[in-house]
Amino acid sequence: MKMKKIVSAALAMAMALSLAACGGQNNGGQSTTPPPSSNQGSNQSTPDPAPTGSGTADAITVWVYPVGGWGDEAKVKPLIDKFTSDTGIKVTMEWLAYADGDDKVNAALTGGNAPDVIMEGPERLVANWGVNGHMVDLSDMIDDTDRQEILPAALAAGTSTDGKVYLYPMFNVAHCMAVNYTAVKEAGAEANIDLETRTWTVEQFDATVKALYDKYGTTVAAVYCAGQGGDQGTRELIRNRYSTKLTNAEHTAYTWNTPEVINALTDLKNMPGIEFDASLQGGDEIAKFYQGVLKMAFCWNAAQQMDPNSAGTGEGKTLTGDEIVYMCFPTQEGKAPEEGSGVWGLGAFNTGDEARIAAAKEFIKYMCDSENCSQAGDISNFFSCRSMAEGVEIKSSNPLLVEYYSKMMPYMGEYYQITNGWAGARTEWWNMLQRVGAGDDIAETVAKYEANANAAASAAS
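Rules used throughout
- Residues numbered from 1 in each chain as written.
- Predicted model: local features only at pLDDT ≥ 70, side-chain atom pairs only at ≥ 80, totals over all residues.
- Heavy atoms only, no water.
- Pairing = 2+ DSSP bridges.
- Helix = DSSP H or I, 4+ residues; strand = E, 2+ residues; numbered from the N terminus.
- Axes fitted to C-alpha atoms, helices over the stretch in contact; angles between N-to-C directions.
- Contact = heavy atoms within 4.5 Å.
- Expected span 1.5 Å × (residues − 1).
- Buried < 20%, exposed > 50% of the residue type's maximum accessible area, 1.4 Å probe, protein only.
- Arc of directions from axis to C-beta.
- Polar contact = N/O pair within 3.5 Å; in protein donor to acceptor, adjacent residues only side chain to side chain.
- Core = buried A, V, L, I, M, F, W, Y, C linked by side-chain atoms within 4.5 Å.

Caption draft 1: Structural view of the sheet that holds strand S9 (residues 324–327). Reading across from one edge, S8-S5-S9 is the order of the three strands in this open sheet, with antiparallel pairing throughout. The strands lining the two open edges of the sheet, one partner per strand, are strand S8 (296–300) and S9. Sheet twist, expressed as the average angle between the axes of neighbouring strands with direction ignored, equals 30°. Strand direction decides the pairing type here: strand S5 (residues 176–180) and S9, joined by four bridges, are antiparallel. Considered in S9, the bridge of methionine 177 is made with methionine 327. Packed onto the sheet, helix H11 (residues 282–291) meets S5, S8 and S9 and runs at close to 140° relative to S8.

Below, the structure written as structure tokens:
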């Protein structure tokens, strides 16, 4: 399929998603703790940029969460150097980790030392820092042409309910899961894997887990719940099993306490080969999957498939050379999967320095609205949120990514991570999974933690 056809299909699909993605956004409720005395991965200390004659600062700081390949400094540096060469603006990069990145950002905000630009998703840039007054409204950077070129669902996810744009969309992806296809074939279960559609039923999934468990006698897959890292995987696994939603349509409340969620948790808790593991987060699960310890991974996406988590194994390979294939999350017979969507982009913190804000906007435009979008997307191993930029077609040079995108985009779901009280709800989610894994009554546990999540949502509204 040609690239233009893929982008056209993506735009058509996203039009249908855009209204659903426009739900309420509010305070993410992140805690604030002081950052360490030194930040590993920082190129140098925060600069004190001086305005140039044009009213634009000549130096900025950019903090980046490990979003796909953008977590790899070696991959990003050539594009950053090109920006500096083209604009004269020096960039100091800070490479954040999800384990403590939020605390570092919040401490910087509290101390008046915020970076100029940050890369992450709407749940942080919009629903947390944006609505709390820390971000610059980027609406003036988006004209009518941009609104035609950017995926509507991605633009909606970066926009607050009052119309302020706190995240300029950069990449998007449909989350999925992965299986060790070599192990599946050795277990004689390859008939359950449809490599054309990448979809399967709950019955096929369960049969594959059983075959792998019978073959190897060890845990096949983990419902990881040590923390929030990679929690989109457990949400998609659970909500797709009986095709339900975890929030209301307005994104103001959580809807976990349903027969569908309770039955899904009950099925998984009672399934030999599936373990609720309170010692693992998403990254830990992926590591065990690469090592061959686990035969399935629920924390997966295009970046992992192209070169798994910077493990250096190459496209679709474990550390032992086994073949990895990506799959949608299983659903009941006749039900289409709804894969959780990931949207990432750039935002500018309101430092109060207009020259620095102007330089931050120049950086954002360079990466998100210029011919550089293609290179930025290739670095990420995700797909650009726009089809064209300044008259230039934006396309990936990676045919494997194009193939992934064409198969997964039709199943991309709404961006529900902007629901009120999201940060608190995430904590309630993994705590709920821990208690289910410990053997607590599932119905009572779901009711309790949904109530806690909705209390957080109410407090944030």
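Caption draft 2: Looking closely at helix H17 (residues 442–460). Counted at 1.5 Å a residue, the expected span for H17 with its 19 residues is 27 Å, and the 27 Å between its end C-alpha atoms agrees. Residues of H17 that are buried include every one of Ile442, Thr445, Val446, Tyr449, Glu450, Ala453, Asn454, Ala457 and Ala460, and no others. Along the axis of H17, the buried residues cluster in a sector spanning 155°; they form a single face. Summarising the geometry of H17, the exposed residues directed more than 90 degrees from the buried face are Glu444, Ser458 and Ala459.

Caption draft 3: Representation of the sheet that holds strand S10 (residues 341–348) within the structure. Taken in spatial order, the six strands of this open sheet run S2-S1-S3-S10-S4-S11, and their pairing is mixed. In this open sheet, the two edge strands, each paired with only one partner strand, are strand S2 (90–95) and strand S11 (383–384). By the bridge criterion, six bridges tie strand S1 (residues 59–64) to S2 in an arrangement that is parallel. When the sheet's bridge partners are listed, valine 62 is paired in S2 with methionine 93. On top of the sheet, helix H4 (residues 122–130) reaches strand S3 (117–120) and S10; it is set at about 120° to S3, its chief contact.

Caption draft 4: Fine view of the side chain of threonine 318. By secondary structure assignment, the location of threonine 318 is in the loop between helix H12 (302–306) and S9. Reaching out from threonine 318, the side chain makes a polar contact with the side chain of threonine 320 at a distance of 2.9 Å. Setting aside residues up to four positions removed in sequence, threonine 318 forms contacts with Asn180, Phe289, Tyr290, Thr313 and Ile324.

Caption draft 5: Local environment of the nonpolar core. Grouped together as the largest cluster of nonpolar side chains are 140 residues, with contacts concentrated most on Trp70 and Met367. Ranked by residues supplied to this core, first place goes to helix H13 (residues 354–368) with nine residues.

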